[in-house]
Amino acid sequence: MLNEFSLERPKRILESQYNDDTPGGLIRAIVKDFPPFRTAAKPNEWEQGYHCVIDTLWHIANEFDQLEKQENQ
């Protein structure tokens, strides 16, 4: 179970979306939360970066689920 502190990211993303009502506002808000990584020199490094992106999206999605459950209580 996520605690209140871990719900800071989805709340911040939603707030950013409301402040930027352009079509890409939500995507920009989410991408700003990704860990920085540079273009990989080797295929293995590229694969690690790819998994980093997928893992980050997974965590953000779970945090949004937890936020929605909390708000519906």
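As the structure is a computational prediction, the values presented were derived from the model and not from experiment.

Turning to the overall build of the protein chain, a few remarks are in order. Tallying secondary structure elements over the protein chain gives three helices and zero strands in all. Tracing the protein chain from N to C terminus, the helices and strands come up as α-α-α. Put simply, the protein chain has 73 residues, and 22% of those count as buried. Within the protein chain, contacts between residues separated by at least 24 positions form 60% of all contacts whose residues are at least 6 apart in sequence.

Looking now at the confidence of the model for the protein chain. Taken as a whole, the protein chain shows an average pLDDT of 77; of its residues, 82% reach a score of 70 or greater. Taken element by element, the predicted model of the protein chain shows its lowest mean pLDDT in helix α2 (residues 25-31) (78) and its highest in helix α3 (residues 43-71) (82).

Glancing now at helix α1 (residues 8-19). Here α1 contains 12 residues, and its C-alpha end-to-end distance of 16 Å stays within 8% of the 16 Å for a straight helix at 1.5 Å per residue. Those residues of α1 lying buried are R9, P10 and I13. Buried residues of α1 fall within an arc of 95 degrees about the axis and therefore sit on the same side. Exposed residues pointing more than 90 degrees away from the buried face of α1 are listed as E15, Y18 and N19.

This part takes up the pattern of salt bridges. Overall, the coordinates contain two salt bridges when judged by the stated rule. For R12, the salt bridge goes to E8, with nearest N and O atoms at 2.8 Å. Linking R12 with E8, this pair stays in helix α1, spanning four residues, or about one helical turn. As a salt-bridge pair, E63 and R9 come within 2.7 Å of each other at their nearest N and O atoms. In this pair, E63 sits in helix α3 while R9 sits in helix α1, placing the two residues 54 residues apart along the sequence. Like R9, E63 is buried.

What follows concerns a nonpolar patch on the surface. On the surface, W46, Y50, I54 and L57 cluster together into a nonpolar patch covering about 420 Å² of accessible area. The exposure class of L57 is partly exposed, given its relative accessible area of 39%.

What counts as what
- Residues numbered from 1 in each chain as written.
- Predicted model: local features only at pLDDT ≥ 70, side-chain atom pairs only at ≥ 80, totals over all residues.
- Heavy atoms only, no water.
- Helix = DSSP H or I, 4+ residues; strand = E, 2+ residues; numbered from the N terminus.
- Buried < 20%, exposed > 50% of the residue type's maximum accessible area, 1.4 Å probe, protein only.
- Contact = heavy atoms within 4.5 Å.
- pLDDT = per-residue confidence, 0-100.
- Expected span 1.5 Å × (residues − 1).
- Arc of directions from axis to C-beta.
- Salt bridge = Lys/Arg side-chain N within 4 Å of Asp/Glu carboxyl O.
- Patch = residues over 30% accessible without salt bridge, like charges linked within 9 Å, V, L, I, M, F, W, Y side chains within 5 Å.
- Areas by Shrake-Rupley, 256 points an atom, 1.4 Å probe, with all protein chains shown as cover.

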